[in-house]
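So the chains spell out like this:
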Amino acid sequence: MLKNYLVIALRTVSKQRAYTSINVFGMAIGLAVAMLIVLYVRDELSYDRFHEHAASIYRINLDAAFNGQALKTATSPAPMAGVLATEYPEVRAVARFFASFDDQGQAVRYEDRAFLESGWMWADSSVFDVMTFPLLRGDARTALAQPYSVVMTDAMAKKYFGGDDPLGQTVYSDGDAYRVTGILADIPSTSHLQFDFLASLTSIPWVNQANWVSNSFHTYVRLAEGKDPVAFEQKLQALVQTYVRPQVEGALGVSFDEAVANGMRWAYFVEPLGDLYLHSQAGGTIGRTGDITYVYVLNAIAVFILLIACINFMNLATARSTGRAREVGVRKVMGSTRRQLMRQFLVESMLMALAALGVASLLVWLSLGWFNQLADKTLTIDFTRDAGFFAGMLGITLAAGLLAGIYPAIVLSAFQPAAVLKGTLPRGVRHAGLRNALVVMQFGLSIGMLICAGVASRQLDFMQSKDVGFNKNQVLVLPITSNSVAAETMHNTLLSDQGVTGVAFANALPGRLTTTDAFRPEGISGNTIFALASAQVSHDYIETLEMDLVAGRSFSRAFPGDSAAYVVNEAGMRELGFTLEDVIGKRIEEPDDEAAVSGPIVGVVRDFQFESFENTIRPLVLKLGGDMQYALLRVSPVRLDETIERLRMKWADIAGGQPFDYFFLDDDFGRLYASEQRLGQIFGYFTALTVFIACLGLFGLASYVTATRTKEIGVRKVLGATVPQLVLLLSKEFSRLIAVAYVLAVPVALYAMDRWLAHFAYRVTISGWIIVGAGVVAILIALLTVSYQSIRTALADPVDSLRYE
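Every residue gets a number counted from 1 within its own chain, in the order that chain's sequence is written. Since the coordinates come from a predicted model, pLDDT governs what is reported: local features require at least 70, and pairs of side-chain atoms require 80 or more to be given and counted, while whole-chain, interface and lining totals use all residues. Note that the side-chain values use all heavy atoms of the structure and ignore hydrogens as well as water.

S.K.: Teacher, can you tell me more about the overall build of the protein chain here?
M.R.: Secondary structure elements follow DSSP: runs of H or I of four or more residues count as helices, runs of E of two or more count as strands, with numbering from the N terminus. Scanning the protein chain from terminus to terminus reveals 25 helices and 25 strands. When the 805 residues of the protein chain are sorted by exposure, 52% land in the buried category. Should any heavy atoms of two residues lie within 4.5 Å, those residues are considered in contact. Within the protein chain, contacts between residues at least 6 apart in sequence are counted, and of these 82% link residues at least 24 apart. Accessible area of the protein chain: about 34,600 Å², with a carbon and sulfur share of 57%. Only protein chains enter the calculation, and the probe is 1.4 Å; a residue is then buried if its accessible area is under 20% of its type maximum, exposed if over 50%, and partly exposed in between. Shrake-Rupley sampling with a 1.4 Å probe provides the accessible areas, and residues are treated as covered by the protein chains on show and by no other component.

Written out as structure tokens, the structure reads:
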């Protein structure tokens, strides 16, 4: 029996090539998009799951507050790990990581090969007891036990040593010699910690400091099986009383309880390893982070497109019912039961769904490279490893085929042979209430996505074009990986180039500024401190970035005392309680339990964007000096390539072997909204596909309507109706459907985008032209879609139409 169903189904499908092609292609697009999104979402949800003890690993974070300023950071103090390892029996292993927060990179050299490597971190030797990073060569127990030892990934070993044995070799970083003690398997792309080199943490001179109020390390613990992380988190608060309390009192000069009574908070909390990538509440992280909101959005898109593809199938199959009415009547007269007819139609539906799955798999294979580039992923499909994935997609396909085919099967199998052989279609087929509702749903989703795509595009354009408070264009940035060369010498040499108009140095860049320090106006009681972002800069920093001074002056070589002076932004001025009229000359200090540092405020710069657009501009303090990590060069756009080549030669002379690995500040600043930009592009492409698939469904409905009104159109033409009048008549019904879809979609889309925009401290308003434009686009697309069928039917000879009827 099944063989007979398949033979008939194949025969029917082959006779209806145009219909089959449209139906299969529409379903295939929906399945392909769903498959790509499932691959993306699966990758997002799989971060850090590869660790053997992933369910028992947690990161310890700090939750603090000063004068109403909340600070949640992923960092913790240096001595915490030792205390946890010795005093907390539920801790099986603990390890600290240290890395540059701003991804500056580390200069690594072996013989004549030197590169700036962004994947350099330091870690405790116990890291292999906490996490699963397999060593291909070397002993995990001893690989990082000694200072100035390093393990590297297999890819880096080949890059630096080729076919030579790397173990025991020496590589140099920042003037220090590191002995290679192990080769790591390449770090999985689904690890939020991404590194190519892992050096022993004991190589850092101040790693064993006893300072509990300085938070510079990322501490991960592996709890014993079955231990409650909530109970462990509660026990961590004892560390505050035992170790943090006396150091805070020494720095503030008041009791800890008094500081708490005045709004200070200091507590530790833990986050599961599996939540760090998508759900972390802490800032100051190292490694990759994502956003669970975007996972939800993409899941919704996948469901919408699959739903629209199924709706198309139903509409197209029902539209064909007029052509198959006599077939059903003949089959019933010949003895076919309704159940047999339903099975036949469901087999046809399943057959086309499976064909669509095959086409969809081909489309995914062809587009995966493009999608990886768009989504910044390395997604792959392995037919052996991903058997579960394809089994799931097969299940979705069969379910979609069943869902899409069940309604047409019920409708077609219910035809009465006597009526259909006379040429009379059942009333339920002629009344297209359900089909109209489905088209309204399709275009409602499409219009909603058009509005969302328009708002998202406008927000992205706003972030790219917004005045950020400084001139980020034509600023070339050179990471400084060694401070062995005097800054003044480097400044004068670089500035001497004819293509360079300004040179400055800093320990952080706008977009990479993560340091927060404690400040208070001099003379204020000790329990009043303010947590302000801070950066160390050189002379000419404000001038090179073309920031606006609203009060006072910039740092100047003419004032030697500026080595202890500060420049604040407007938000910092307000936070410290000053105004433009009285701020210049006011002194602020940095509390310390040994010796406080203080100095006058000499200038105020206009607020500038140095963090994500999701955050309001924080209070900021700029100060001179420190180890500079970046050289910022304002360069002329004229003959830029020649300027860069001259700078390359100058750098080789003055930088002591540091790599000339430059980038431009405006490109780097774009990282602040890179994830939103990627999502906007993905959303735009998928919105276009959604509209396209919806048009296929509308084409099916137009085919049905024009087929059922052939006689009416013939009579109207005989009575004098013109072609434009007939086209308007046939299009009017679809216009009403689009209008209903528009009315239903607009409030839902506006609500969704208002929620999304609420994530941004600086956001656009949802303008009326986006809302109106989405409706106009939908109407035009719909009219173009149905016009082919409408015009063809209106131009037909009425004699043929009446004879046909």
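S.K.: So what exactly am I meant to see when it comes to the pairing of strand β20 (residues 566-569) here?
M.R.: Look at any regular strand and the pattern is simple: side chains alternate between the two faces of the sheet. Here β20 shows two buried faces, one formed by Tyr 566 and Val 568 and the other by Val 567 and Asn 569. In this analysis, strands are considered paired if DSSP registers two or more bridges between them. Judged from the 4 bridges that link them, β20 and strand β22 (residues 597-605) form a sheet pairing that is parallel. When the bridges of β22 are listed, Asn 569 appears paired with Val 605.

S.K.: What am I meant to see in the packing of aromatic side chains here?
M.R.: Think of a pair of aromatic rings as described by two things: how far the centres are apart, and how the planes are tilted against each other in angle. Planes of paired rings set the category: under 30 degrees apart is stacked, over 60 is edge-to-face and the rest tilted, where pairs are Phe, Tyr or Trp rings (Trp by its six-membered ring) whose centres lie within 6.5 Å. Scanning all chains against the criterion turns up 31 aromatic pairs. With a centroid separation of 4.6 Å and 10 degrees between ring planes, the pair formed by Trp 212 and Tyr 243 is classed as stacked. Separated by 31 residues along the polypeptide, Trp 212 in the loop between β12 (197-200) and β13 (215-223) and Tyr 243 in helix α6 (residues 229-252) bring together distant segments of the chain. A relative accessible area of 23% means that Tyr 243 is categorised as partly exposed. On the basis of an interplanar angle of 55 degrees and a centroid distance of 6.5 Å, the ring pair of Trp 370 and Phe 371 is categorised as tilted. For Trp 370, a relative accessible area of 38% gives the class partly exposed. Members of the aromatic cluster, connected to one another through ring pairs, are Phe 98, Phe 115, Trp 120, Trp 122, Tyr 148, Tyr 160, Tyr 178, Phe 197, Trp 206 and Phe 217. Note on geometry: a ring has a charge over it if NZ (lysine) or CZ (arginine) is within 6 Å of the ring centre and within 35 degrees of the ring normal. Lying over the aromatic face of Phe 217, Arg 96 brings its terminal NZ or CZ to 5.5 Å of the ring centre. We note Lys 377 situated over the ring of Tyr 40; from NZ or CZ to the ring centre the distance is 5.2 Å.

S.K.: Help me out: how do you make sense of unusual backbone geometry in this one?
M.R.: With the exception of glycine, the majority of residues adopt a negative phi angle, and the majority of peptide bonds are in the trans configuration. The phi dihedral of Asp 48 is positive, around 70 degrees, even though this residue is not glycine. Positionally, Asp 48 belongs in the loop between α2 (17-45) and β1 (57-66). Classification of Asp 48 as buried rests on a relative accessible area of 1%. The phi torsion at Tyr 148 lies on the positive side, around 60 degrees, for a residue other than glycine.

S.K.: I keep staring at the nonpolar core and nothing clicks. Help me out?
M.R.: Soluble globular proteins: nonpolar side chains tend toward being buried together. What makes a nonpolar core is a set of buried Ala, Val, Leu, Ile, Met, Phe, Trp, Tyr and Cys residues whose side-chain atoms join them at distances within 4.5 Å. One finds Phe 443 and Tyr 541 to be the most contacted residues of the largest nonpolar core, which totals 116 residues. Per-element accounting of this core gives the leading share, 14 residues, to α2. Every residue in contact with Phe 443, bar those within four places of it in the chain, is listed here: Ala 694, Cys 695, Leu 698, Ile 738, Ala 741, Ala 778 and Ala 782. Residues Val 221, Leu 236, Val 248 and Val 254 belong to the second largest nonpolar core, which totals 31 residues.

S.K.: Looking at this structure, how should I read the environment of Leu 116?
M.R.: In this fold, Leu 116 is placed in strand β6 (residues 113-117). Under the relative-accessibility criterion, Leu 116 is labelled buried at 16%.

S.K.: Hey, could you run me through the pairing of strand β15 (residues 475-479) in this one?
M.R.: A large share of β15 lies buried, amounting to 5 of its 5 residues. The alternating pattern of β15 places Val 475, Val 477 and Pro 479 on one face and Leu 476 and Leu 478 on the opposite face, and all of these are buried. Pairing analysis gives 5 bridges linking β15 to strand β24 (residues 630-635), with the strands arranged antiparallel. When the sheet's bridge partners are listed, Pro 479 is paired in β24 with Tyr 630.

S.K.: Is there a simple way to explain the side chain of Lys 472 in this structure?
M.R.: Tracing the backbone through its elements, the reader meets Lys 472 in the loop between α15 (433-465) and β15. When charges are counted, Lys and Arg are positive and Asp and Glu negative, with His and the chain ends excluded. Take a side-chain nitrogen of Lys or Arg and a carboxyl oxygen of Asp or Glu: if they are within 4 Å of each other, that pair is a salt bridge. Buried Lys 472, no salt bridge; nearest opposite-charge side chain is Asp 666, N-O distance 7.1 Å. The residues contacting Lys 472, other than those within four sequence positions of it, are Gln 464, Leu 665, Asp 666 and Phe 669.

S.K.: What's the story with the pattern of salt bridges in this structure? I'm lost.
M.R.: Close approach of charged atoms lets side chains of opposite charge pair. Applying the stated criterion to the full structure yields 28 salt bridges. Ionic pairing is found between Glu 249 and Arg 245, a salt bridge with its closest N-O pair at 3.6 Å. In this pair, Glu 249 and Arg 245 are both assigned in helix α6, 4 residues apart and thus about one turn of the helix distant. The class for Glu 249 is partly exposed, based on a relative accessible area of 26%. Taking the shortest distance from any N to any O, the salt bridge between Arg 574 and Asp 607 comes out at 3.3 Å. Placement of Arg 574 in helix α18 (residues 570-575) and of Asp 607 in the loop between β22 and β23 (620-624) is noted, with a sequence separation of 33 residues between them.

S.K.: Quick question: what am I supposed to make of the environment of Met 314 here?
M.R.: Within the fold, Met 314 resides in helix α9 (residues 292-319). Accessibility expressed as a relative area gives 12% for Met 314, which makes it buried. Each C-alpha atom, one on Met 314 and one on Ser 349, is 9.6 Å from the other, the two residues being 35 residues apart in sequence.

S.K.: Before we go on, may I ask you to explain the packing of helix α3 (residues 80-87) against α6 in this structure?
M.R.: Pairs of packed helices are described in terms of their axes, by the angle between the two and the distance that separates them. Where α3 meets α6, the closest approach of the two axes is 12 Å, and the angle between their N-to-C directions is 120 degrees. By the angle class used here, α3 and α6 are oblique. For the pair α3 and α6, the sense of crossing is right-handed. Side by side, α3 and α6 meet where Met 80, Val 83, Leu 84 and Glu 87 of the first sit next to Phe 232, Leu 236, Leu 239 and Tyr 243 of the second. Only the contacting stretch of a helix is used when fitting its axis, a line to C-alpha atoms as for every element, and angles between N-to-C directions run 0 to 180 degrees. Our angle categories are set so that under 35 degrees counts as roughly parallel, over 145 as roughly antiparallel, 65 to 115 as roughly perpendicular, and the remainder as oblique. Each crossing gets its hand from how the near helix is turned against the far one by less than a right angle, where anticlockwise is left-handed and clockwise is right-handed.

S.K.: Got a minute to help me understand helix α16 (residues 487-495) in this structure?
M.R.: Residue pairs spaced three or four apart in an α-helix point in one direction, given the helix's 3.6 residues per turn. Residues of α16 that are buried include every one of Met 490, His 491 and Leu 494, and no others. Taken end-on, α16 shows its buried residues confined to a sector of 100 degrees, consistent with a single buried face. As for α16, its buried residues are in contact with β16 (500-506), β24 and α19 (640-654). As used here, the arc is the angular range of directions from the helix axis to the C-beta atoms.

S.K.: What exactly am I supposed to notice about the packing of α16 against α19 here?
M.R.: Two numbers describe how α16 lies on α19: the axes approach to 10 Å, and their chain directions differ by 155 degrees. In terms of axis orientation, α16 runs roughly antiparallel to α19. Note on packing geometry: the crossing formed by α16 with α19 is right-handed. Listed contacts from α19 to Met 490, Thr 493 and Leu 494 of α16 are Leu 647, Lys 650, Trp 651 and Ile 654.

S.K.: Sorry if this is basic, but what is going on with the environment of Pro 619 here?
M.R.: Along the chain, the position of Pro 619 falls in the loop between β22 and β23. Residue classification places Pro 619 among the buried residues on the basis of a relative accessible area of 10%. Sequence separation between Pro 619 and Asn 569 is 50 residues; the distance between their C-alpha atoms is 6.5 Å. Setting aside its immediate chain neighbours within four residues, Pro 619 contacts Gln 69, Leu 532, Ala 533, Asn 569, Ala 571, Gly 572 and Glu 575.

S.K.: When you look at a nonpolar patch on the surface in this model, what are you seeing that I'm missing?
M.R.: Exposure above 30% relative accessible area and no salt bridge define the residues that can form patches, which grow by joining like charges within 9 Å and nonpolar side chains of Val, Leu, Ile, Met, Phe, Trp and Tyr within 5 Å. A cluster of nonpolar side chains, Phe 25, Val 359 and Phe 692, forms an exposed patch at the surface whose accessible area comes to about 230 Å². Looking at the element boundaries, Phe 692 is found in helix α21 (residues 674-708). Residue class for Phe 692 comes out partly exposed when judged on its relative accessible area of 38%.

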